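This is what each chain is made of:
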Amino acid sequence: MANFEARTSAASGRITVSLTGECDLAARDHLTAVLLDAVHRSRAVFVDFTGLTFIDSSGVHSLVTAHHAAKQTGGHVYVINAVGPVAAVLEITGLDTLLRAPAEERRHV
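Procedures and definitions
- Residues numbered from 1 in each chain as written.
- Predicted model: local features only at pLDDT ≥ 70, side-chain atom pairs only at ≥ 80, totals over all residues.
- Heavy atoms only, no water.
- Salt bridge = Lys/Arg side-chain N within 4 Å of Asp/Glu carboxyl O.
- Buried < 20%, exposed > 50% of the residue type's maximum accessible area, 1.4 Å probe, protein only.
- Helix = DSSP H or I, 4+ residues; strand = E, 2+ residues; numbered from the N terminus.
- Pairing = 2+ DSSP bridges.

Visitor: It is not clear to me how the pattern of salt bridges should be interpreted in this structure. Could you clarify?
Guide: Pairing between side chains of opposite charge can happen when their charged atoms approach one another. This model, assessed by the stated rule, comprises 3 salt bridges. A salt bridge links Arg 28 to Asp 29; the shortest N-O distance between them is 3.7 Å. What makes Arg 28 partly exposed here is its relative accessible area of 28%. Among the ionic pairs, Asp 37 bridges to Arg 41, the shortest N-O distance being 3.0 Å. Of the two residues, Asp 37 and Arg 41 both sit in helix α1 (residues 25–41), 4 residues apart, roughly one turn of that helix.

Visitor: Whenever I open this one, the pairing of strand β1 (residues 4–11) confuses me. Can you help?
Guide: For a regular strand, side-chain orientation follows a simple rule: the groups alternate between the two sheet faces. Relative to strand β2 (residues 14–23), β1 runs antiparallel, the two sharing 8 bridges. Counted as the bridge partner of Ala 11 is Arg 14 from β2. Once β1 ends, the chain turns through 2 residues before running back antiparallel as β2, passing Ser 12 with a positive phi of about 50°.

Everything listed here is a matter of geometry and, on its own, says nothing about what the molecule does.
Below, the structure is given as structure tokens:
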């Protein structure tokens, strides 16, 4: 796995999954497992992209998988703090809209 980390923290009825490094095929299974665990533990999962420098279709697949799992239980997966090339991938795929956090939860970086 090339320079990828996914850390979870829980607070205020939600789980935040903070991503750092590069999310590619080598990271997909790990990211999917972390996101699905978070979805099963909380109805609100925030995926913080502050430290992520790269994401490809493998990471997009993990996000979509987690989104569908959350929807089945009435939960939500939200993305926050995506910038640069990572934000561009989310925009191109429509995930920036599909997984947009409520206005009061978005931070401007």
